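What the coordinates show
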Amino acid sequence: MQKQTKKWLLSLVLVLMLGALAACAGSTAYTESQNIVEASALADLMAQEGVVVVDARAAEDYNKGHLKGAVNLSPDELNGQGAVAGMLGTPQQFNRVMSKSGISPESTVIVYDGNDGIFASRLWWAMKIFGHENVKVVNGGASAIVNAGLEISGDATQVNSASYSSKAQDGSLIATIEDVKDAVANGTATIIDVRTPAEFDEGAIPTAILYPHTQNLYSDGTFKSARDIYLNYKDLGLEKDAPILLYCKSSVRATQTMLLLKEAGYSNVKVYDGAWLEWSVSGEETTSPAGPVEATVQDAS
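Conventions adopted
Position numbers for residues start from 1 in each chain and track the written sequence from start to end. Local features are withheld for residues below a pLDDT of 70 in this predicted model, meaning they are given only at 70 or higher, and side-chain atom pairs are given and counted only at 80 or more; totals for whole chains, interfaces and linings count all residues. Excluding hydrogens and water, the side-chain values take into account all heavy atoms of the structure. Strands here mean DSSP runs of E at least two residues long; helices mean DSSP runs of H or I at least four residues long; both are numbered from the N terminus. Only protein chains enter the accessibility calculation, which uses a 1.4 Å probe; a residue whose area is less than 20% of its type maximum is buried, one above 50% is exposed, and one in between is partly exposed. Contacts between residues were defined by any pair of non-hydrogen atoms, one from each residue, lying within 4.5 Å. Surface accessibility in these figures is a Shrake-Rupley result with a 1.4 Å probe; residues are shielded only by whichever protein chains are displayed. We define the nonpolar core as a collection of buried residues of types Ala, Val, Leu, Ile, Met, Phe, Trp, Tyr and Cys that are connected through side-chain atoms lying within 4.5 Å of one another. The directions from the helix axis to the C-beta atoms form the arc being described. Stacked, tilted and edge-to-face pairs are distinguished by plane angle, under 30 degrees for stacked and over 60 for edge-to-face with tilted covering the rest, among Phe, Tyr and Trp rings (Trp via its six-membered ring) whose centres lie within 6.5 Å. Strand pairing is assigned whenever DSSP identifies at least 2 bridges connecting the two strands. In this analysis, axes come from line fits to C-alpha atoms, helices being fitted only over the stretch in contact, and the angle between any two N-to-C directions falls in the range 0 to 180 degrees. Pairs of N or O atoms are called polar contacts if they sit within 3.5 Å, as long as, within protein, a hydrogen donor faces a hydrogen acceptor (for residues adjacent in sequence, only side-chain-to-side-chain pairs). Any Lys or Arg side-chain nitrogen found within 4 Å of a carboxyl oxygen on Asp or Glu counts as a salt bridge.

Section: the overall build of the protein chain
Scanning the protein chain from terminus to terminus reveals eleven helices and twelve strands. Relative to its 301 residues, the protein chain shows a buried fraction of 47%. Taking all contacts inside the protein chain whose residues are at least 6 apart in sequence as the whole, residues at least 24 apart take part in 73%. Per element, the accessible surface of the protein chain, about 14800 Å² overall, is 51% carbon and sulfur.

Digging into the nonpolar core
In terms of nonpolar packing, the biggest core is built from 51 residues, with Val54, Met98, Ile103, Trp125, Tyr233, Ile244 and Tyr266 touching the most fellow members. Those residues within four positions of Ile103 in sequence are excluded, and the remaining contacts are Val52, Val54, Leu73, Met98, Val109, Met127, His132, Ala162 and Tyr164.

Some points on helix H7 (residues 177-186)
For H7, the complete set of buried residues consists of Ile177, Val180 and Ala183. Each buried residue of H7 sits inside an arc of 120° when the element is viewed along its axis, so together they form one side. Opposite its buried face, H7 presents the exposed residues Ala185 and Asn186, each directed more than 90 degrees away. Positive phi appears at Gly187, one or two residues downstream of H7, with a value of about 65°.

Focus: the packing of aromatic side chains
Counted according to the given criterion, the structure contains five aromatic pairs. Ring centres of Tyr230 and Tyr266 lie 6.2 Å apart, and the angle between their planes is 40°; this geometry places the pair in the tilted category. Highlighted residues: Tyr230 in helix H9 (residues 226-234) and Tyr266 in the loop between helix H10 (253-263) and strand S12 (269-272), separated in sequence by 36 residues. Comparing Tyr230 with Tyr266 shows no difference in burial state: the two are buried. Ring geometry for Tyr233 and Tyr266: centres 6.5 Å apart, planes at 65°, overall edge-to-face.

With respect to unusual backbone geometry
Residue Asp116 is not a glycine yet carries a positive backbone phi of 65°. Along the chain, Asp116 turns up in the loop between strand S5 (108-112) and helix H5 (118-129). When its relative accessible area of 26% is taken as the criterion, Asp116 is described as partly exposed.

Details of the sheet that holds strand S2 (residues 51-55)
Strand pairing in a sheet takes place through backbone hydrogen bonds and is either antiparallel or parallel in direction. Taken together, the five strands give an open sheet; going across it, the order is S1-S6-S5-S2-S4, and neighbouring strands pair in parallel fashion. Strands at the two margins of the open sheet, each flanked by one partner only, are strand S1 (36-38) and strand S4 (71-72). In this structure, S2 lies alongside S5, joined through five bridges in parallel fashion. The residue of S5 that forms the bridge with Val52 is Val109. Each of S2, S5 and strand S6 (135-139) touches H5; the most contacted strand, S6, lies at about 165° to it.

Overview of the side chain of Arg195
Note that Arg195 resides in the loop between strand S9 (190-193) and helix H8 (197-202). Reaching out from Arg195, the side chain makes a polar contact with the side chain of Asp193 at a distance of 2.7 Å. One polar contact links the side chain of Arg195 to the main-chain carbonyl oxygen of Gly203, over a distance of 2.6 Å. Each residue touching Arg195, except ones within four places of it in the same chain, is listed here: Phe200, Gly203, Ala204, Leu210, Pro212, Tyr247, Cys248, Lys249, Arg253 and Trp276.

Some words on the pattern of salt bridges
Two side chains carrying opposite charge are able to pair once their charged atoms lie near each other. Applying the stated criterion across every chain yields a total of eleven salt bridges. For Glu133, the salt bridge identified is with Lys128, shortest N-O distance 3.6 Å. Take Lys128: its relative accessible area is 13%, and that puts it in the buried class. Two residues, Arg253 and Glu199, come together in a salt bridge whose shortest N-O distance is 2.8 Å. Separated by 54 residues along the polypeptide, Arg253 in helix H10 and Glu199 in helix H8 bring together distant segments of the chain. By relative accessible area, which is 21% here, Glu199 ends up partly exposed. Each member of the salt-bridge network shares a partner with another, and the members are Glu178, Lys181 and Glu284.

By themselves, these observations are geometric and do not establish any function.
Below, the structure is given as structure tokens:
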């Protein structure tokens, strides 16, 4: 009888362990991430001192309704005035925008948008470039916030201006056209084009692999888990230490891919900020494939 009891207890322990492992493997929520936060955690976060929630959508969308307490800051406000549209501006410009938005270097910044996380990720990337560590993107964006039952308001949030002084620009996160030329000529990095197949087919940077940013999402619009992102990009032949350069038309969509690759453990990823807008007028070679080669990856949702 005692022997049977021991066998039963052992079987029960094994069942519980397997169940716990299955639950962990099947979870797609970002619960302990340094860069992504679930909408369900926002209420508790907003109750903490020093937290600033940013709505990165256009002012028109913000005015129609936003998370109560969120400030409106489009990543376009951080764009420079150079010859190539959409490239990141100066540290001085960054400091002005952060300060008028009520963000200090000590702030914990939570960003959301309504478009696959691309604008929130662009702001996340820009803040990382200028040394702001405590910034996260809301998984699922505005839709997830509504689904979480959080309070929505049409009234603009009153902002108390802050004083911001950025750190030196982090060159490990941003690629120049010279970096891309080197990758094309010498294979020093894998170039990934995150645009649509139609855009890719009209012209692309030579050697680039097409992998649209929409492949990083489940069917409900939330980010794929770090595990699924890793497996998907491993299917492209990329190991976690592989040098990777990302681009799209103006490298907004590319920042969403960078965010998720970082979460999946890819440590050597840069965004080519000049993107197709710069490359296409640079006089460098372009390709116009008859049919884009796109990785076929099974959606794990």
